[in-house]
Amino acid sequence: MKKRALNVMAVILLLLTMAACGGNPPAALTPKDAVELATAWTGTAAIIQAGGLYKEGEYKTFAYKGLEYRYMAAHLDSKKKMKAELQKFVTKKKAKRFMKENGILKHKGKLASPEAEAASGSLLQWEIATAKVLKTKKSKMTFELTVPIGDTRTAETIIVSYEYVKKSGWRIDKFNE
């Protein structure tokens, strides 16, 4: 009887430990989910690259090291706000790379980015993109996304690596890198 009670206790402790340590493997990312996350990311990345969603009178520029910069919109003007927005879609590493690649810096207590010409709208038709799994490894997956380009009957192929982030879910770690 003692052995049985000890075995039951051992199983309960094992289950509790697995639950506490996140012992359950993440649910696989479906191709549909991969496309949806990539689509959401491209929209957010475009907004951030434009400086954010400015309110009237909020857009301000300054010169720094020979370049013209603009302060980010209020909803993105601190590292905390920026990282919170980025990490809805990407890993911490990718967020850091994105900020560096886009020249985002802190100036007079606010984030700013280099002034850039407004990009014209993309012809990529994300709403009808497809995805194919290339690689699966524990908490990482890589997909090949095929995104039609306008009415050209051609498509762009984009390789996207996703990583499962505990308590957050799947996030993009590499986007065509």
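Just above sits the structure.
One structure accompanies this document, and this report is about it. Small disclaimer: the values here were computed from a predicted structure and weren't measured.

## Here we look at the packing of aromatic side chains
- The final tally for this structure, using the stated rule, is eight aromatic pairs.
- Geometrically, the ring pair formed by Tyr-54 and Tyr-59 is edge-to-face, given 4.8 Å between the ring centres and 70 degrees between the ring planes.
- A residue is classified by how much of its surface remains accessible, and Tyr-54, at 24% relative accessible area, is partly exposed.
- Residue Tyr-59 is classed as partly exposed on the basis of its relative accessible area of 38%.
- Ring centres 5.8 Å apart and planes at 80 degrees place the aromatic pair Tyr-64 and Tyr-69 in the edge-to-face group.
- On the accessibility criterion, Tyr-64 (30% relative accessible area) is partly exposed.
- The class of Tyr-69 is buried, set by a relative accessible area of 8%.
- Counting every residue linked through ring pairs, the aromatic cluster contains Phe-62, Tyr-64, Tyr-69 and Tyr-71.

## Some words on the sheet that holds strand E6 (residues 140–149)
- Judged by pairing direction, the sheet is antiparallel, and its four strands sit side by side in the order E5-E6-E7-E8 without closing on themselves. Looking at which strands have only one partner, the edges of the open sheet turn out to be strand E5 (130–137) and strand E8 (169–175). On average, adjacent strands in this sheet sit at an angle of 30 degrees to one another, irrespective of strand direction.
- Sheet analysis places E6 next to strand E7 (residues 154–165), joined by ten bridges and oriented antiparallel. Each bridged residue has a counterpart across the sheet, and for Thr-146 the counterpart in E7 is Thr-157.

What counts, and where the lines are drawn
- Residues numbered from 1 in each chain as written.
- Predicted model: local features only at pLDDT ≥ 70, side-chain atom pairs only at ≥ 80, totals over all residues.
- Heavy atoms only, no water.
- Phe/Tyr/Trp six-rings, centres within 6.5 Å; stacked < 30°, edge-to-face > 60°.
- Buried < 20%, exposed > 50% of the residue type's maximum accessible area, 1.4 Å probe, protein only.
- Pairing = 2+ DSSP bridges.
- Helix = DSSP H or I, 4+ residues; strand = E, 2+ residues; numbered from the N terminus.
- Axes fitted to C-alpha atoms, helices over the stretch in contact; angles between N-to-C directions.

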